[in-house]
Amino acid sequence: MPAIQLRDVSKRFGDTRALESISFDVKDGEYLCILGSTGSGKTTLLRTISGIIKPDQGEILYDNKNMKDVAVEDRNAVYVPQTYALFPHLTVIENVCFGPISKGVDLNEAKNRALQILKLVKLDKRANSYPNELSGGMQQRVALARGIASNTKLLLLDEPLGALDARLRLELRVELKKIAQENGLTVIHVTHDQEEAMSIGDRIMILRKGRIQQIGTPLHVYLSPQNIFVANFIGNTNFIEGTILKRNTRGSSIRIRGGYQIMVDDTSHVAEEPVVTAIREEKIKLFDHPIEAKNTLSGDLIGANFLGTFIRYEVKLDNGDILAALHPPNSDLTKLRLGDRVAISFETFHTKIFDYPVLGLKRELEAY
Amino acid sequence: MTKVRVVSLTKNYGDIKALKQVNLEVEEREYLSIIGPSGCGKTTLIKLIGGIVAPSSGEIYIDEQNVTDTPIEDRNTGYVFQEIALFPHLKVNENVGYGPLVKGEDREVNRRQVREMLDLLSLEDQASFFPVELSGGAKQKTAIGRALASGSKLLLLDEPLGMLDLKIRNELRYELRKLVKDLNLTAIHVTHDQEEAMSISDRVVIMKAGEIVEVGTPRKLYIHPSKIFTAKFLGEANFLEGKVEKIEGNYYQVNVSGNKLIALGEGAVLKENEKCVLAIRPEYVKLNKKKLNEINTWSCYVINVSFIGSTILYNIITDTGKKLTTKYILTENEPDISVGDKLYATLSSEHLLIYDYPHEGLDKALDLE
Amino acid sequence: MKESKSIGEAINRLSGSPIARKILYSFAVFYLIAFILLPPLLGISFKLDLIDQVFRDEILLNRAKSAIMWSFTIAFIIAILDLIAGIPMAWIIARGKSNLINILDAFVDIPFVIPTVALGFSTLLFWNSNYSPLKFLGVNVSPGFFLILLLHFAFSFPVIVRVMVGELLTYKDVYENAAKSLGAKSFTVARTVTLPILKPGLVAAFLLAFARSLSETGATMIVAGAFENGPIFIKNAKDAGLEGPMVLVSFILIIASITVFGIIRILGTKFRIPIGNVYPDFEALLSKSISVKIRNVLTITIFIFLVFIPSIFITSPVLGAISDGTLVKAISGEGIWSSFWNSMILSYTIGIIATLINVITGFPVAILIARKRLGHIGSILLEAAVNVPIVVPSVALGVSLGFFWRTFSFLSEFWIIIFAHTTITYTYFVQAMAAAIEGIPEEMEETARTLGSKALGVFKNIIVPLTKYSIFSGAILMFTRSVDETGATTAVSQKLQTAPVLLVNWIKGIVPATTSDIALGISFLVLTSFISLLVLRLVVYRRR
């Protein structure tokens, strides 16, 4: 029954600060997704929790017990790397038995239990195959079964779906969550796929350059991103640069490029402060005719990309800014052609205001 | 004009039939994507077009010239590899200039071509970097630049964005389409990412087990897929087995475990009393607190809610025990629905797709591996 | 049974302790430093005071100078020539599709399996026989400089081919496809993409061929005649009882070769293979299938006449040995043959013991290198230390090792030879094992540990099964190297004679032996090497 706690964990590799002062808790039975780009430190963090990497500083606790002097093999935390690391010289069932046998469990007993678990992941018919005879999805399930068989309650998954086709990934992420829940596992799952993280994580944690940016439920992080980086990384977001013009008790007005004005309901910034306004792409409404409303801007349609659930329209506003809007494909906007004049508008309460970043907006959106 | 035409193209690897009698035409200046699960033959097809692999039988035409026996180096295609495969011993500008160099291009001309290409891809600052010093996105851009600098009008892209982080992938895909359109190129793009394929292509080819399942515009394939596998692979869908009870014009009345569903089956050829499969995209199943409608409406309970940004997925179970996924699009504020709520689900008639019951069985027909 | 299980468990548990692992690794590194690295370096320094006798004798000094100069000149010429002849051969083997390639592949290794003494004798016989292509042209090749070149070309050839075949097989052909899709013809691709990317392999192949030529003694002394390169000078000095010159030349060879290797290693990474201009028409001509055919025929002809036949020519007098009764004499152990069989037993005993010692002490070092456990710089130093024995010319190594181990008066000559052989063969095993372990993703080990496996369990259940083939082939390589070793053994041994040393005495006429005797003796040595190779291979395949 592991609850995991990290207290001020740091790790450097030479001059690179891979992890900086990482502190967070994972509750027993929780499914936590760690989200970050290549080089964000997410794999290092996972390996540090498993004990493969020793932190330079800080403490890692499993059920309130400090793991400092506990060897990797005694932590009972199973690490599943992105490549799954199935043992190529062992059959599926031998792979699944590896953990129990290493811990001195009787061979027959181990085999019986392994078969049960293979049934659970629907691979009992492939028990005597070798890993290279299995498809990617099957290999992923063997890795999972191998972890469960070792009697662990803590799974550390590094991009468990990363090696699979995009379509299969959608299918298997649901299954992954199900298996974890049914076996009462605590899972820490590392990924760079925001949708994957949001759809299966009880909570998600966003990591950038070895620092935690935010941690919370998907809904919370989506609705209240703590900074520009998170707002960009989670969801699809437009950013508009501007300066606060006026503010009153109900909101503020902002002057954006080209002298245009928009209204937002943020009141935390004072006049003349440079700010960035964030608006989700799906919250921007697009019109094929001029309209009269608050927060309306006009421009030319420069892109229309069909995504299935949505069509993503790109509009070059008259002030030169480019905004994107997501619309369901059944709307009457489908007659629009590239180059057509369009109007966009958005609600004041769908905006979020951030301080203008010291190093500029572009730099702030980069992962590194 | 047709840019690429493959006729009855077949490729066997020993006993494995990677490609079975495939016919395909790609128009000049078209952006065509080929998608399908791993092992469907999409990579084999593009390798055959590029000349990297020789076909077992069939013909390939580029610009109406039969190139079936033309070696790769004489096909003049710009090929971008999944592995990116930048020459590690050459700098960015040398990689991009490799094509002109081996064709014996004058040094001055070469230098100019390279400079133009780097400008176009905004890689000027990294011209003298070695590939190991580049980020994933810059590597990919260099590979595209290298393929284009040789002057080819046909770009073959074999999972070009597969090695990149999702966020960068999504940005680069739009740049890629823009580049192809601006330079009047023809592009054939292989991917396993359905959203990538739909978002940038004029037409999409769906493949399965060495054969083409369906070809069409992204919109057609997503909204009116003719084949059940297309409905499965491109986007998500709920599938329901049933039996045709009555046919009135284009409307089919289908019995799904005792419940009646009406589906608009344009172009479907089913007879009464035949087994069939209904499919519906999650976003066309609407949830309501009250029963607003009698037709196609089931009472249900919410069993799971997952929030994924622009949309929310609700997993529901109907009174008759059917599990469905529904998708709510968050153009407004999020609705007040939570696990355990009793609701009514309406399956929109014009979005209910109807198919023959597959002879190989439903599971097999929808298998992704 | 029960007790052994609990002991096993105790060891298993112990392997989980970082301290126990540290002790094990420290022991292996200590062994490397104390038994492999220091003896060849220290041994010679014990006797450095002897060298001023050389400086008093100008004739001797000049002989020494020219011998050293010739050693490096020959090694350089040979490495270049073999690179030119070996790369196309590697290309044929790695890329060819015909079944005949397998036979060619096996034949390439022939000069490698034949004991160097036999190789020398075979070369001598061939180039003076009526079959010699040069004799056909009316040229007689007498022992000396030119015959040394021919010999060295033959035995360094397989080294280049092996390394380059390995490189070509692991090389991703996507680079070639990329180049071709940009319009490059196959010759252009090889010149501008494949070879530049394989540069580390080329440098390694060059160095190995260079080292082989620099170091070889056993075969060279048979074809050298009055000519002297470094190792022959040392051998002659030893025979004449001149310790001073022997020490001086050994010392210079050791220092110079370590320096040269260091320089090439460092420059090798810096230097870029220039690409220059491309001449599409000319290069297209070279890429045509007829040009490729001509090149292939040329390559194989060179291999057959300069490498293959000269190496196996030794087998021709064996037929005579069967009919003239030498075979009966040999089997019954008459006359000189009784000492031959004793030497064979001695050679095999030494081979087995040296191999076992190296497997045990080398394995942990291979792990340390493959897993970079000592950090970046530590791993580089460790690798350099492991490479010292093959960089140093074997006879110089032998001289130095002899001096070093004889200072421990309690050691019998038998053990001194064993220690010398462990030093000579150590590198081969550790390098092969380190490469094999590097091939196992480290994640595999880490995952096994998170599943609850202690270090010993990981070693036993993951590393050993996955590197089984390399362990066996590494052991075979060491064993045959030990049995065939001539140069260093000559320098170390005093009374004991291993089989190659004995055969040298037969060939040189120190012990009166007929050509039939010599040919048969060599055939026995080759045959037993072959059989042991075959048996071990069968074991490996069955266990798989």
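The rules we used
- Residues numbered from 1 in each chain as written.
- Chains lettered and ligands numbered in written order.
- Predicted model: local features only at pLDDT ≥ 70, side-chain atom pairs only at ≥ 80, totals over all residues.
- Heavy atoms only, no water.
- Domains from an automatic or database assignment.
- Contact = heavy atoms within 4.5 Å.
- Buried area = accessible area lost by both parts, 1.4 Å probe.
- Buried < 20%, exposed > 50% of the residue type's maximum accessible area, 1.4 Å probe, protein only.
- Helix = DSSP H or I, 4+ residues; strand = E, 2+ residues; numbered from the N terminus.
- Pairing = 2+ DSSP bridges.
- Salt bridge = Lys/Arg side-chain N within 4 Å of Asp/Glu carboxyl O.
- Polar contact = N/O pair within 3.5 Å; in protein donor to acceptor, adjacent residues only side chain to side chain.
- Expected span 1.5 Å × (residues − 1).
- Bend = angle between axes of the 7 residues up to and from the residue.
- Axes fitted to C-alpha atoms, helices over the stretch in contact; angles between N-to-C directions.
- Parallel < 35°, antiparallel > 145°, perpendicular 65-115°, else oblique.
- Left-handed = near helix turned anticlockwise from the far one by under 90°.
- Nonpolar A, V, L, I, M, F, W, Y, C, P; charged D, E, K, R; others polar.

Asker: How would you summarise the domain arrangement of chain B if you had to cite specific residues and measurements?
Answerer: Residues and elements named next belong to chain B. Domain assignment breaks chain B into domain 1 (2–230) and domain 2 (236–365). Its C-alpha centre places domain 1 at a distance of 38 Å from the equivalent point of domain 2. Counting residues at the interface gives 11 residues for domain 1, matched by 11 residues for domain 2. Carbon and sulfur atoms supply 52% of the area buried between domain 1 and domain 2, which totals about 910 Å² over both sides.

Asker: Let's hear about the pairing of strand β18 (residues 322–327) of chain A: which residues, and what values?
Answerer: Each regular strand displays side chains that alternate between the two surfaces of the sheet. Residue and element names in this part refer to chain A. Taking burial as the measure, the six residues of β18 include five buried ones, the bulk of the element. Sheet topology note: the strand β17 (residues 311–317)/β18 ladder contains six bridges and is antiparallel. Looking across to β18, one finds that Lys316 is bridged to Ile322. Between β17 and β18, which follow one another and run antiparallel, lie four residues, and Gly320 among them has a positive phi close to 95 degrees.

Asker: Can you tell me about the interface of chain B and chain C, naming the residues and giving the values?
Answerer: Interface size is commonly expressed as the accessible area that is lost once the parts come together. Listed per partner, the contact involves 27 residues of chain B and 23 residues of chain C. Summed over the three residues of chain B that lose the most area to chain C, namely B:Glu73, B:His89 and B:Tyr98, the buried surface amounts to 27% of that side. Summed over the shared surface of chain B and chain C, the result is two salt bridges. Linking B:Asp74 and C:Lys185 is a salt bridge whose minimum nitrogen-to-oxygen distance equals 2.8 Å. One can count six residue pairs in polar contact (both at pLDDT 80 or more) joining chain B with chain C. Where the side of chain B that touches chain C is concerned, the elements lending two or more residues are α3 (98–102) and α5 (136–149) of chain B. It is α3(B) that provides the largest number of residues to the side of chain B that touches chain C, a total of four residues.

Asker: A description of helix α2 (residues 18–46) of chain C should follow, citing residues and the corresponding values.
Answerer: In an α-helix there are 3.6 residues to a turn, and that puts residues three or four apart on one side. Residues and elements named next belong to chain C. An ideal rise of 1.5 Å per residue puts 42 Å on 29 residues; α2 measures up with 39 Å between its terminal C-alpha atoms. In the structure, α2 departs most strongly from a straight axis at Leu38, where the bend amounts to approximately 60 degrees and where the proline Pro39 lies between one and four residues downstream. Next to the buried residues of α2 lie α15 (243–270), α20 (336–370), α21 (375–391), α22 (394–406) and α23 (413–438).

Asker: Report on the sheet that holds strand β12 (residues 252–256) of chain A, specifying residues and quantitative values.
Answerer: Strand pairing in a sheet relies on backbone hydrogen bonds. The paired strands run either parallel or antiparallel. Residues and elements named next belong to chain A. Pairing within the open sheet is antiparallel, and its five strands lie in the order β13-β12-β11-β14-β20. Whereas interior strands pair on both sides, the edge strands pair on one side only; in this sheet they are β13 (261–264) and β20 (351–355). Ignoring strand direction, the axes of neighbouring strands in this sheet form an average angle of 45 degrees.

Asker: An account of the packing of helix α14 (residues 230–239) of chain C against α15(C) is requested, with residue identities and associated values reported.
Answerer: All names here are of chain C. Packing of α14 against α15 brings their axes to within 9 Å, and their N-to-C directions diverge by 155 degrees. Taken together, the axes of α14 and α15 lie roughly antiparallel to each other. At the point where α14 passes α15, the crossing takes the left-handed sense. Of α15, the residues touching α14 (which contributes Gly230, Pro231, Phe233, Ile234, Ala237 and Lys238) are Pro245, Met246, Val249, Ser250 and Leu253. The class makeup of the residues in the contact of α14 with α15 is eight nonpolar, two polar and one charged.

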